[in-house]
Amino acid sequence: MVRILFTANIQRHVACPEMEVDGATLREVLDKAFKENARARAYVLDDQATLRKHMTIFVDGHALRDRIRLSDTVTPGSVVHIFQALSGG
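Draft legend 1. Looking closely at the overall build of the chain. Summing up its helical and strand segments, the chain has three helices and five strands in all. Taking 89 residues into account, the globule formula puts the C-alpha radius of gyration at 12 Å, and the chain, at 12 Å, falls close to it. Seen through its principal axes, the chain has C-alpha atoms that stretch 40 × 25 × 25 Å. Buried positions account for 44% of the 89 residues belonging to the chain. A total accessible area of about 5300 Å² is found for the chain, and carbon and sulfur atoms account for 53% of it. Across the chain, the mean location of the 12 positive side-chain charges is 6 Å away from that of the 11 negative side-chain charges.

Draft legend 2. The sheet that holds strand E4 (residues 62-63), seen in detail. The five strands lie next to each other as E2-E1-E5-E3-E4, forming an open sheet whose pairing is mixed. Whereas interior strands pair on both sides, the edge strands pair on one side only; in this sheet they are strand E2 (19-21) and E4. Strand direction decides the pairing type here: strand E1 (residues 2-6) and E2, joined by three bridges, are antiparallel. Following the sheet pairing, Ile4 is matched in E2 by Met19.

Draft legend 3. View of the nonpolar core. Ile4, Leu26, Ile57, Val80 and Ile82 are the most contacted members of the largest nonpolar core, which totals 26 residues. Breaking this core down by element, the ones donating at least two residues are E1, E2, helix H2 (26-34), helix H3 (38-44), strand E3 (55-59) and strand E5 (79-84). Broken down by element, this core gets its largest block of residues, five residues, from H2. Not counting residues up to four positions away in its chain, the partners in contact with Leu26 are Ile57, Val59, Leu64, Leu70, Asp72, Val74 and Val80.

Draft legend 4. Spotlight on the side chain of Ser78. Locating Ser78 in the fold gives a position in the loop between E4 and E5. With sequence-adjacent residues up to four places away left out, Ser78 is seen in contact with Met1, Val2, Arg3 and Asp60.

Draft legend 5. Quick peek at H2. Those residues of H2 that fall on the buried side of the exposure criterion are Leu26, Arg27, Val29, Leu30, Ala33 and Phe34. Angular distribution of buried residues about the axis of H2 spans 165°; they occupy a single face of the element. Taken together, the buried residues of H2 touch E1, E2, H3, E3 and E5.

Draft legend 6. Summary view of the pattern of salt bridges. Evaluation of the coordinates by the stated rule reveals four salt bridges. Ionic pairing is found between Asp72 and Arg65, a salt bridge with its closest N-O pair at 3.5 Å. For Asp72, a relative accessible area of 6% gives the class buried.

Draft legend 7. Inspection of the pairing of E3 at higher detail. Here E3 shows one buried face, formed by Met55, Ile57 and Val59, and one open face, formed by Thr56 and Phe58. Bridge analysis of E3 against E5 gives five bridges, and the strand direction is antiparallel. Bridge pairing in E5 places Met55 opposite Gln84. Across two bridges, the pairing between E3 and E4 is antiparallel. From the neighbouring strand, Val59 faces E4, where its bridge partner is His62.

Each value, and the rule that gives it
- Residues numbered from 1 in each chain as written.
- Predicted model: local features only at pLDDT ≥ 70, side-chain atom pairs only at ≥ 80, totals over all residues.
- Heavy atoms only, no water.
- Helix = DSSP H or I, 4+ residues; strand = E, 2+ residues; numbered from the N terminus.
- Rg over C-alpha atoms; globule rule 2.2 N^0.38 Å.
- Buried < 20%, exposed > 50% of the residue type's maximum accessible area, 1.4 Å probe, protein only.
- Areas by Shrake-Rupley, 256 points an atom, 1.4 Å probe, with all protein chains shown as cover.
- Lys, Arg positive; Asp, Glu negative; His and termini not counted.
- Charge placed at Lys NZ, Arg CZ, Asp CG, Glu CD.
- Pairing = 2+ DSSP bridges.
- Core = buried A, V, L, I, M, F, W, Y, C linked by side-chain atoms within 4.5 Å.
- Contact = heavy atoms within 4.5 Å.
- Arc of directions from axis to C-beta.
- Salt bridge = Lys/Arg side-chain N within 4 Å of Asp/Glu carboxyl O.

Next comes the structure, spelled out in structure tokens:
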């Protein structure tokens, strides 16, 4: 199973409990994770199902490489962190 964690700043806007799902790619695990949570899906992914510009994902501590197809590989025991980018000045 792949563990998916959402940061607290995302959870202020939409309920995204920690979850575990299976799959071989980030796309597969996100599709399963968002199957029952359309609101969270819309917050993280755009209408083309690509990662929104203000979001970033780390898989096992490494930044996501494929923001379009989300084809990065995951393995059982992988940890996926989903962050909302913060900016300021």
